[in-house]
Amino acid sequence: MPKGMFFIWRREAGTILPPDLEIISRSPEQTQELGLRLGELAQPGDVLLMIGNLGAGKTCLTQGIARGLGIAGYASSPSFVLVREYHGRLPLYHIDLYRLEQVAEVADLGIDEYLYGKGLTVVEWADRALNLMPPQHLLIQIVPLSLRRRKLYLEPRGQRYEEMIKSLRLEAPAR
Ligand SMILES: Nc1ncnc2c1ncn2[C@@H]1O[C@H](COP(=O)(O)OP(=O)(O)OP(=O)(O)O)[C@@H](O)[C@H]1O
Ligand SMILES: [Mg+2]
């Protein structure tokens, strides 16, 4: 794990680690570094669902993910674009549901092709259409703690994502 990234997990000596992970980021760069690792760990068909208010850092994290996939020229998508596709080691499908008026619109987008496709799908504002998302995913909640501090709460839903968290954890400095 990159230097300076702080992992917090509720570990008591000798207990089994919980599957989820809480990370404190202290700068946009740290958030991007976490994204970079997520991008490197991504496998075809992976789905990352992001929840967090305006300016929480969802796009910032996605920028790092794009770098981790080796995507050159990632442009942070304006919110009115619902789906953007980029090509790196894997395709990145960046879906932003902020402008969504109705959940029915999502069905019209045909997002299943992305969600069940061969790339990595990242969904900003996933809470707007959670019931249309695949049951197996990594849920990422971003909570601003102060101007530059963010709590990133990663909750794996499904074995694949538990493995992803385990990989991240292995790199975490013990503390
Ligand atoms: N630790 C941090 N991690 C991420 N972003 C941070 C952090 N500290 C400050 N920021 C700032 O917060 C903002 C995050 O913006 P970003 O576009 O990523 O948010 P977002 O969650 O995608 O919002 P939106 O819902 O509008 O799409 C940026 O201006 C970034 O520089
Ligand atoms: Mg955004």
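Above this text sits the structure in question.
Summary of the structure given here. (Residues numbered from 1 in each chain as written. Chains lettered and ligands numbered in written order. Predicted model: local features only at pLDDT ≥ 70, side-chain atom pairs only at ≥ 80, totals over all residues.)

### Re the overall build of the protein
Working step 1: When helices and strands are tallied, the protein shows five helices and eight strands.
Working step 2: Element order for the protein, N to C, with α for helix and β for strand: β-β-α-β-α-β-β-α-α-β-β-β-α.
Working step 3: Pairs at least 24 apart in sequence give 64% of the contacts found in the protein among residues at least 6 apart. (Helix = DSSP H or I, 4+ residues; strand = E, 2+ residues; numbered from the N terminus. Contact = placed C-beta atoms within 7 Å.)

### Some details on the site of ligand 1
Working step 1: Inspection of the region around ligand 1 gives 18 residues, with T31, G57, K58, T59 and C60 positioned closest.
Working step 2: For the shell around ligand 1, the secondary-structure elements that each account for two or more residues are α1 (28-41) and α2 (58-68).
Working step 3: Across the shell around ligand 1, the residue classes tally to five nonpolar, nine polar and four charged. (Near = placed C-beta within 6 Å. Nonpolar A, V, L, I, M, F, W, Y, C, P; charged D, E, K, R; others polar.)

### Thoughts on the packing of α1 against α2
Working step 1: Closest axis-to-axis distance for the α1/α2 pair is 6 Å, and the angle between their directions is 45 degrees. By the angle between their directions, the pair α1 and α2 is classed as oblique. The way α1 lies across α2 gives a crossing that is right-handed. Facing P28, T31, Q32, E33, L34, G35, L36, R37, L38, G39 and E40 of α1, the residues of α2 in contact are C60, L61, T62, Q63, G64, I65, A66, R67 and G68.
Working step 2: Per-class residue counts for the contact of α1 with α2 are eight nonpolar, eight polar and four charged. (Axes fitted to C-alpha atoms, helices over the stretch in contact; angles between N-to-C directions. Parallel < 35°, antiparallel > 145°, perpendicular 65-115°, else oblique. Left-handed = near helix turned anticlockwise from the far one by under 90°.)

### What to know about the pairing of strand β5 (residues 91-96)
Working step 1: Of all the six residues making up β5, five are buried; the element is thus mostly covered by neighbouring parts of the structure.
Working step 2: Pairing of strand β4 (residues 83-87) with β5, which is carried by five bridges, proceeds in the antiparallel orientation. In the strand pairing of β5, E85 is matched with Y93.
Working step 3: If you look at the hairpin formed by β4 and β5, you'll find three residues sitting between the two strands.
Working step 4: Note that β5 and strand β6 (residues 120-124) share five bridges and pair parallel. (Buried ≥ 20, exposed ≤ 12 C-beta atoms within 10 Å, placed from the backbone. Pairing = 2+ DSSP bridges.)

### A few points about α1
Working step 1: The end-to-end C-alpha distance of α1 is 20 Å, a good match for the 20 Å that 14 residues give at a rise of 1.5 Å each.
Working step 2: Of the residues making up α1, those classed as buried are Q30, T31, Q32, E33, L34, G35, L38 and G39. (Expected span 1.5 Å × (residues − 1).)

### Describing the nonpolar core
Looking at soluble globular proteins, one finds that nonpolar side chains tend to be buried together.
Working step 1: Counting 40 residues, the largest nonpolar core has L48, L49, M50, L92, V122, V123 and I140 as the members making the most contacts within it.
Working step 2: Apart from the residues within four sequence positions on either side, L92 is in contact with I65, A66, L69, I71, Y86, G119, L120 and V122. (Core = buried A, V, L, I, M, F, W, Y, C linked by C-beta atoms within 7 Å.)

### Digging into helix α5 (residues 159-170)
Working step 1: Given a rise of 1.5 Å per residue, 12 residues ought to cover 16 Å, and the 16 Å separating the end C-alpha atoms of α5 matches this to within 8%.
Working step 2: Restricting attention to buried positions, one finds in α5 the residues Y161, M164 and I165. Axial view of α5: buried residues confined to an arc of 95 degrees, hence all on one face. Those residues of α5 that are exposed and aimed more than 90 degrees away from the buried face are Q159 and L170.
Working step 3: Elements that come into contact with the buried residues of α5 comprise β2 (21-25), α1, β7 (137-144) and β8 (150-157). (Arc of directions from axis to C-beta.)

### Some points on the environment of N53
Working step 1: Inspection of the secondary structure puts N53 in the loop between β3 (47-51) and α2.
Working step 2: Linking N53 and E124, residues 71 residues apart in sequence, is a C-alpha distance of 9.9 Å.

### Some thoughts on the pairing of β3
Working step 1: Within β3, four of the five residues are buried, which leaves the element mostly enclosed by the surrounding structure.
Working step 2: Looking at chain direction, β3 and β6 are connected through four bridges and run parallel. Bridge pairing in β6 links L48 to V122.
Working step 3: The pairing of β3 with β7 spans four bridges and is parallel. Directly across from I51, in β7, lies its bridge partner Q141.

The analysis is restricted to geometry; functional conclusions fall outside its scope.
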